[in-house]
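If you want the building blocks of each chain, they are given just below.
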Amino acid sequence: MTTYVYGITRGAPQLPGVPGVGDAPLRIVEHDAVAAVVSDAGEGPLRATAAGLKAHTRVLDELAAGLTVLPLRFGTVVPDDRAVVDAMLAPNIDHLTELLDRLDGHVQLTVKVFNDEDVILRDVVETDSRVSGLWRKVQGVPAEAAYYDRIALGQEIARAVEQRKVGVAQPLFDALVELSADAQAKEPKQELMVLDADFLVPRSQVEQFDAKVDALAKDRPELEFRYLGPMPAYSFADLVLQGG
Amino acid sequence: MTAPVSVVRSTPTSSGLYDVLDLILDKGLVIDAYVRVSVVGIELLTIDLRVVIASVDTYLRYAEAVDRLVLHEQNGKGLDDLMDGDDDDDKGQERKGRSGGGRRAVGSGDESSVKGAVKKVRDRVSGDDDEDEDGVVQKVRKAISGDDGDKKKNDNGSRRRKSS
């Protein structure tokens, strides 16, 4: 019977009343001052499913609501409970307690900001001469016949959209960093995305952070904000445990 | 006009997962001796999350999105009329789960757009609560990366509307 590991806490936590991956009940494996929240994972390979991802996330969300938890990446499975202690907790106890201390009392909040597609495209078509020139060229021409012109048009739009992103993210990020203990901005992974950033925020400042995000969104009604959290400090617990 | 804008914070669980996939899969503690060796499908999903979509497909989607935008707005008017900056189409329609009112309502129900492709992935990931099938990762993977292949077969955008 293999063991699925969700996260590591200081001392044994109160287990949330939700099932784990594969509907398995949650358990605790303790060692010294730390504990791992785990469940049975059965034999054979574990499949990455939407339900599994959701279960993993839900367990960590629930845990993080009340205490500091170091989340493991989705899909961490070890041979048995003994390996949890021997390969994870015992050899890394100093790093783990240090990280737990550092993250104590903090949660992660994630802010993603997007250009509104309609607003940005309208702006681009109206104000970018290269785009509007190409746009005129394809008018009234069947899409198949204008295939290459349409690619050129799209390419110009992509360029213009990128151009308009310049300078948008930094002031948003800076304003939010002020309320954070730590922060990191990631490379935007979608065309319309302007900012994708994770913030480590003291629990006591979450409300202030909410207000700040709201104020920024009010200032920039042409942008769409997606605001996530509180969650375990995924982005600030980027530690590689040396297995024993 | 003043539209109330409020950004709702949602937990990863209630967000439908798509927005936190990169965190769940790519962040957090790793144990080097057992790097997810036994999870089927995870590497593919992780790799695809790193793909920045920039392709012919993206360009065609943009071209299509502009067509639609302009068609919706002009009602027979030309681009020059549009450039006069008419604001009478500003209905302030609020989008579900988005930050804003006071936003142009054009095409907001239409998923055949750049955003639509992403939304499709999000729908797939969030799925049904009880969804637990082998194919999910493959579907997600396809939805994230696979518009390219799809596109060549059918270029009219209708495939991006939610049909499943």
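Residues numbered from 1 in each chain as written. Chains lettered and ligands numbered in written order. Predicted model: local features only at pLDDT ≥ 70, side-chain atom pairs only at ≥ 80, totals over all residues. Heavy atoms only, no water.

**Here's the deal with the overall build of chain A**
From N to C terminus, chain A includes eight helices and 11 strands. In summary, chain A has a C-alpha radius of gyration of 23 Å against a globular reference of 18 Å for 244 residues, an excess of more than 25%. Its C-alpha atoms give chain A principal-axis dimensions of about 70 × 45 × 30 Å. Burial status across chain A gives 57% buried among its 244 residues. If you take every contact in chain A between residues at least 6 apart in sequence, the share linking residues at least 24 apart comes to 75%. Per element, the accessible surface of chain A, about 9600 Å² overall, is 50% carbon and sulfur. The averaged location of the 38 negative side-chain charges in chain A is 6 Å from the averaged location of its 24 positive side-chain charges. (Helix = DSSP H or I, 4+ residues; strand = E, 2+ residues; numbered from the N terminus. Rg over C-alpha atoms; globule rule 2.2 N^0.38 Å. Buried < 20%, exposed > 50% of the residue type's maximum accessible area, 1.4 Å probe, protein only. Contact = heavy atoms within 4.5 Å. Areas by Shrake-Rupley, 256 points an atom, 1.4 Å probe, with all protein chains shown as cover. Lys, Arg positive; Asp, Glu negative; His and termini not counted. Charge placed at Lys NZ, Arg CZ, Asp CG, Glu CD.)

**Examining helix α3 (residues 93–103) of chain A**
Residue and element names in this part refer to chain A. Within α3, the full set of buried residues consists of Ile 93, Leu 96, Thr 97, Leu 99, Leu 100 and Leu 103. The buried residues of α3 all sit within an arc of 160° when viewed along its axis, so they share a single face. Across α3 from its buried face, at more than 90 degrees, point the exposed residues Asp 94 and Glu 98. Residue Gly 105 follows α3 closely and has a positive phi angle near 80°. (Arc of directions from axis to C-beta.)

**Regarding the packing of aromatic side chains**
A ring pair, where both rings are aromatic, is described by two values, the distance of the centres and the angle of the planes. All names here are of chain A. A complete count under the given rule lists six aromatic pairs over all chains for this structure. Relative to Phe 199, the ring of Phe 173 has its centre 5.6 Å away and its plane inclined at 40°; by these criteria the two rings are tilted. Of this pair, Phe 173 sits in helix α7 (residues 169–177) while Phe 199 sits in strand β9 (residues 193–202); the two residues are 26 residues apart in sequence, bridging distant segments of the chain. Judged by its relative accessible area of 14%, Phe 173 is buried. (Phe/Tyr/Trp six-rings, centres within 6.5 Å; stacked < 30°, edge-to-face > 60°.)

**Thoughts on the sheet that holds strand β1 (residues 9–10) of chain B**
Spatial strand order, β8(A)-β9(A)-β7(A)-β10(A)-β1(B): five strands in an open sheet with mixed pairing. Two strands lie at the open edges of the sheet, namely β8 (182–186) of chain A together with β1 of chain B, each paired on one side alone. Taken together, the two bridges between strand β10 (residues 223–231) of chain A and β1 of chain B define a ladder with parallel strand orientation. Bridge pairing in β1 of chain B links Leu 228 of chain A to Ser 10 of chain B. (Pairing = 2+ DSSP bridges.)

**Some points on the packing of α7 of chain A against helix α8 (residues 206–219) of chain A**
Residues and elements named next belong to chain A. Where α7 meets α8, the axes come as close as 10 Å, and the angle between the chain directions of the two elements is 160°. The pairing of α7 with α8 is recorded here as roughly antiparallel in orientation. Helix-helix and strand crossings are classified by hand; for α7 and α8 the assignment is right-handed. Each of Leu 172, Ala 175 and Leu 176 in α7 lies in contact with α8, whose residues at this interface are Phe 209, Lys 212, Val 213 and Leu 216. (Axes fitted to C-alpha atoms, helices over the stretch in contact; angles between N-to-C directions. Parallel < 35°, antiparallel > 145°, perpendicular 65-115°, else oblique. Left-handed = near helix turned anticlockwise from the far one by under 90°.)

**Brief notes about the pairing of β8 of chain A**
All names here are of chain A. Sheet analysis places β8 next to β9, joined by five bridges and oriented antiparallel. When the bridges of β9 are listed, Asp 182 appears paired with Leu 200. With antiparallel pairing between neighbouring strands as the criterion, β8 and β9 make up a hairpin whose turn holds six residues.

**Some points on the side chain of Glu 156 of chain A**
Its location among the elements puts Glu 156 of chain A in helix α6 (residues 147–165). If near-sequence neighbours (up to four positions away) are discounted, Glu 156 of chain A is found in contact with Arg 130, Val 131 and Leu 134 of chain A.

**Comments concerning unusual backbone geometry**
As a rule of thumb, non-glycine residues mostly have phi less than zero, and peptide bonds are mostly trans rather than cis. Residue and element names in this part refer to chain A. Cis geometry marks the peptide bond from Gly 229 to Pro 230, where omega comes out at -5°. By the element assignment, Pro 230 lies in strand β10. A positive phi angle, near 65°, is found at Asp 23, a position not held by glycine. Its location among the elements puts Asp 23 in the loop between β1 (2–10) and β2 (26–31).

**Let's talk about the confidence of the model for chain B**
Residues and elements named next belong to chain B. Taken over all residues, the pLDDT of chain B has a mean of 55, while the share at 70 or more is 26%. Mean pLDDT per element in chain B: helix α8 (residues 147–153) is the minimum at 35, and β1 is the maximum at 90. Below pLDDT 50 for its whole length, residues 76–113 participates in 91 contacts with residues either more than four positions away or in separate chains. Low pLDDT, under 50, characterises residues 126–164; the stretch is placed with 72 contacts to residues that sit more than four places away or in other chains. Among the scores for the predicted complex, ipTM is 0.85 and pTM is 0.75. (pLDDT = per-residue confidence, 0-100.)

**Details of the pairing of β1 of chain A**
Residues and elements named next belong to chain A. Most of β1 sits inside the fold, with eight of its nine residues counted as buried. Note that β1 and strand β3 (residues 34–42) share eight bridges and pair antiparallel. Looking across to β3, one finds that Ile 8 is bridged to Ala 36. Both β1 and strand β6 (residues 77–78) contribute to a ladder of two bridges, which runs antiparallel. Residue pairing across strands places Tyr 4 opposite Val 77, the latter belonging to β6. One ladder, built from three bridges, connects β1 with strand β5 (residues 69–71); its direction is antiparallel. The partner of Thr 9 across the bridge, within β5, is Val 69.

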